[in-house]
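Observations on the three-dimensional arrangement
Here are the chains, one letter per residue:
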Amino acid sequence: MKLLILTQYFPPEVGAPQNRLFELAVRLVKQNVEVTVLTAMPNYPQMEIYEAYKTKSYCYEELQGLKIHRSAIFVSKSKSIINRLKNYFSFVLSSIRTSSKLESNYDFLMCESPPLFLGYSAMYLARKKKARLIFNVSDLWPESAEKLGVVTNKHLLKVAYNLEAKLYKKSILVTCQTQGICNNINERFPKVKTYWLPNGVDLDYYNPGTIAKGAWRAKSNFKQTDIIFLYAGIIGIAQGLEIILRVAENFRLYTNVKFVLLGSGPEKQRLHELKNELKLDNVLFLDTVSKTEMPSILKDTDAAIIPLKKLELFKGAIPSKIFENLAMEVPIILGVDGEAKSLFIEEGKCGLYFEPENVNELTKCIEFVINNTNAAKQLGVNGRSYVNLNFNRTLIAEKLLKTLNQL
C-alpha cells in the first residue's frame, strides 16, 4: 500500500498534529505501508522558517522510513486574517507545484485539517495521483473559527463551509480525532463515511519508570517541595487560559504552589501582561521545548491543568496533551465537558473535573491535589493504565490499516 500524507505541520516542528501524524506514519511504515509526506518548511510555532531551511524553496528528506517532501510557505508573526490566509494559501499553491516531484500514483491521500483550505490541494493531488482521498479532521473548521470569533467575514465563512461539504463528499473516508467530530459530521452529512482515529501516546517514550525525578526542577530552579500545576501547549484563544491566572490569585499565600504555562501562542503576551498587572509571583511562563524534554518535565509535575472555553462545540474535543500527561502518571485537572470528561474522568478515573471557565471549581480541584497527595497520585496511575488499554498508538495504527484494506 502507498499512502501520501498532506499536512502543513510536521516535525521537526513540535505540536499536537505534528506528533500525531508522525507517530501514525512511522507505525504504518513498520506494517509495510510505503508512506510519503508532503509538508511545508518547518516554522511553527515561532512563525519563522527554521534556520536549516531558510534558503530553500523545496527539499527532500528521509526519516525513519518516511519520504518527506517540503515546499515553500509564507510566514508572518502578524496575527491578521490576511496574513493567516497568505500562510494557508501559500502552502496550497506550493504543494501543488511540488506534486511533480512525487511518485506517479498512490492508493490513498490523507489530508490533515485544519487548515481547511489545504483541501483544495488535496482534491487536485488526489485526481493527479489517482489516489482515494481520506480527509482527517482534527478540528471542526470553519465552525470552531466562527464560534470563537476568529473569522467573522460572512463571505469567507460561506466559502469555507462550501469547501468543507465538498471535501467530505469527495472523500472515501473522513477520519475524525474525536467521536464528537464524527457525530457532528454524520448529523450534517449522513451519507459520509466517518472513522474515529483518536490521538494516542507512545507508552515506551513516555514512561515514568525510565525518567529520573527532580532533574527538571533543579534545572529550572524549582524546589523539590514545590507543588507544580502545569499547562503545556498552545497559548491560544480556545484554551481560555486566563482562568489559571484568576485561580492563582487564590493561592498567593501558598509559597510552594506554582502555576506553569509552557508554550507559545497568540494569547501569551496578553496573559503575561495580566500576570504583571495582578502581580502573580506564583505564575511562570516558559517557552516551548522540544519533545525530548517533555518526559522529564512531566515527571516533575504534580498535576496538569487542561482547560477549554465553555462552548458547546468543545464537548466533542479531546485535547492531545491529555495523553502524554496520563502516560507519565500525571493526574489531569480537566476543564472540558462532554467526551473528554466521559472518557478520562468518569470511565478512566484519571483526574478531576471542573466546569469550563469556573474559577471556584478549579480552585477546589487545586486544593484537593494540595491536600490529598496520595489520592492525586493514584489518579495518575489510573491514567497510565487507561491510555495503555485504549489509546496505544501501535494499536491505533493497526486498526486504521485494517480499515483501509477493507475499503
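See the structure above.
We now turn to the structure provided with this report. Note that the coordinates shown come from a computational prediction; the quantities given were computed from them, not determined experimentally.

**Examining the pairing of strand 5 (residues 108–113)**
In terms of residue burial, strand 5 counts as a mostly covered element, since 6 of its 6 residues are buried. Bridging between strand 5 and strand 6 (residues 132–137) involves 6 bridges; their strand directions are parallel. Counterpart to L109 in the pairing with strand 6 is L133.

**Comments concerning the pairing of strand 9 (residues 227–232)**
For strand 9, the tally of buried residues reaches 6 of 6 residues, placing the bulk of the element in the interior. The alternating pattern of strand 9 places I227, F229 and Y231 and I228, L230 and A232 on opposite faces, both of which are buried. Examined bridge by bridge, strand 9 and strand 10 (residues 257–262) share 6 bridges and lie parallel to one another. Bridge pairing links Y231 to L261 in strand 10. Examined bridge by bridge, strand 9 and strand 12 (residues 303–307) share 2 bridges and lie parallel to one another. Across the sheet, residue F229 finds its bridge partner in strand 12, namely A303.

**Brief notes about the packing of aromatic side chains**
The tally for this structure, following the rule as stated, stands at 19 aromatic pairs. A centroid spacing of 5.6 Å and a plane angle of 20° characterise the contact between F229 and F259, whose relative ring orientation is stacked. Pair noted here: F229 is in strand 9 and F259 is in strand 10, with a separation of 30 residues, a long-range link. Taken together, Y88, F89, F117, Y120 and W141 form an aromatic cluster joined through their ring pairs. In this arrangement the basic side chain of K101 is found over the ring face of Y58, its NZ or CZ atom lying 4.7 Å from the centre. Sitting over the face of the ring of Y205, K291 holds its NZ or CZ atom 4.9 Å from the ring centroid.

**A short note on the environment of F285**
Positionally, F285 belongs in strand 11 (residues 283–286). Between the C-alpha atoms of F285 and T255, which are 30 residues apart in sequence, the distance is 17 Å.

**Examining empty space enclosed by the protein**
Across all of its chains, the model carries 3 cavities of 30 Å³ or more by this definition. Surrounding the largest cavity, R20, L21, E23, L24, R27, M110, N136, L197, P198, G200, R393 and I396 form its lining. Looking at the lining of the largest cavity, the elements that each hand over two or more residues are helix 1 (16–30) and helix 15 (393–406). Here the element with the most residues in the lining of the largest cavity is helix 1; it accounts for 5 residues. Its residues assigned to classes, the lining of the largest cavity shows 6 nonpolar, 2 polar and 4 charged.

**Structural notes on the layout of surface pockets**
Approximately 520 Å³ is the volume attributed to the second largest pocket. What lines the second largest pocket is a set of 22 residues, among which K213, K299, T301, D302 and K377 lie closest to the centre. For the lining of the second largest pocket, the secondary structure elements donating two or more residues are helix 10 (294–299), helix 13 (359–371) and helix 14 (373–390). Counting residues per element, the lining of the second largest pocket draws most heavily on helix 14, which supplies 4 residues. When its residues are assigned to classes, the lining of the second largest pocket shows 10 nonpolar, 4 polar and 8 charged.

**Here we look at the pattern of salt bridges**
Inspection of the entire model under this criterion finds 24 salt bridges. Among the ionic pairs, E51 bridges to K54, the shortest N-O distance being 3.4 Å. Judged by its relative accessible area of 42%, K54 falls in the partly exposed class. Among the salt bridges present, the one from R246 reaches E249, with a minimum N-O distance of 3.6 Å. On the accessibility criterion, E249 (28% relative accessible area) is partly exposed. Each of the salt bridges in this network shares a partner with another, and the network as a whole consists of E242, R246, E249, R252, E267 and R270.

**Focus on the environment of K377**
Along the chain, the position of K377 falls in helix 14. A C-alpha to C-alpha distance of 21 Å links K377 and D202, two positions 175 residues apart in sequence.

**Focus on the sheet that holds strand 7 (residues 173–176)**
The sheet built from 8 strands is open, its strands ordered 3-4-2-1-5-6-7-8 with mixed pairing. Looking at the sheet topology across the chains shown, the edges are occupied by strand 3 (58–63) and strand 8 (194–196). The sheet shows a mean angle of 20° between the axes of neighbouring strands, direction not considered. Where strand 1 (residues 2–6) meets strand 5, 4 bridges bridge the pair, whose relative direction is parallel. Across the sheet, residue L4 finds its bridge partner in strand 5, namely L109. Taken strand by strand, helix 5 (residues 154–170) contacts strand 6 and strand 7, and its axis lies near 130° from that of strand 6.

**Examining the sheet that holds strand 10**
As a general point, the strands of a sheet are linked pairwise by backbone hydrogen bonds and lie either parallel or antiparallel. The strand order across the open sheet formed by 6 strands is 11-10-9-12-13-14, and the pairing between neighbours is parallel. Both edges of this open sheet fall to strand 11 and strand 14 (351–353), since each of them pairs with a single strand only. Averaged over all neighbouring strand pairs, the angle between strand axes comes to 25°, with direction disregarded. One ladder, built from 3 bridges, connects strand 13 (residues 332–335) with strand 14; its direction is parallel. From the neighbouring strand, I333 faces strand 14, where its bridge partner is L352.

Reading guide: rules and limits
- In every chain, residue numbers begin from 1 and rise along the written sequence.
- Local features are withheld for residues below a pLDDT of 70 in this predicted model, meaning they are given only at 70 or higher, and side-chain atom pairs are given and counted only at 80 or more; totals for whole chains, interfaces and linings count all residues.
- By convention in this description, side-chain values take in all heavy atoms of the structure and omit both hydrogens and water.
- For every residue, the accessible area obtained with a 1.4 Å probe (protein chains only) is divided by the maximum for its type, and the residue is called buried under 20%, exposed over 50%, and partly exposed between those limits.
- Numbering of helices and strands runs from the N terminus; a helix is a DSSP stretch of H or I covering at least four residues, while a strand is a stretch of E covering at least two.
- Whether two strands pair comes down to DSSP finding at least two bridges between them.
- Ring geometry is summarised as follows: Phe, Tyr and Trp rings, the Trp one being its six-membered ring, pair when their centres sit within 6.5 Å, and such pairs are stacked at plane angles under 30 degrees, edge-to-face over 60 and tilted between the two.
- By the criterion adopted, a ring carries a charge over it if an Arg CZ or a Lys NZ lies within 6 Å of its centre and within 35 degrees of its normal.
- Cavity means a closed set of points on a 1 Å grid over the protein atoms alone, one where a 1.4 Å probe fits but cannot get out, pocket means an open set with protein on both sides within 12 Å along at least 5 of 7 lines, and lining means a residue has an atom within 4 Å of a point.
- Grid points are joined across faces, edges and corners, and a volume is the space filled by probe spheres set on the points.
- When residues are sorted by character, Ala, Val, Leu, Ile, Met, Phe, Trp, Tyr, Cys and Pro go into the nonpolar class, Asp, Glu, Lys and Arg into the charged class, and all the rest, Gly among them, into the polar class.
- We count a salt bridge whenever a side-chain nitrogen from Lys or Arg sits within 4 Å of a carboxyl oxygen from Asp or Glu.
- Lines fitted to the C-alpha atoms define the axes, with helices restricted to the stretch that makes contact. Angles between their N-to-C directions range from 0 to 180 degrees.
- Any two residues whose heavy atoms approach within 4.5 Å at even a single point are treated as in contact.

Read these as spatial facts, not as claims about activity.
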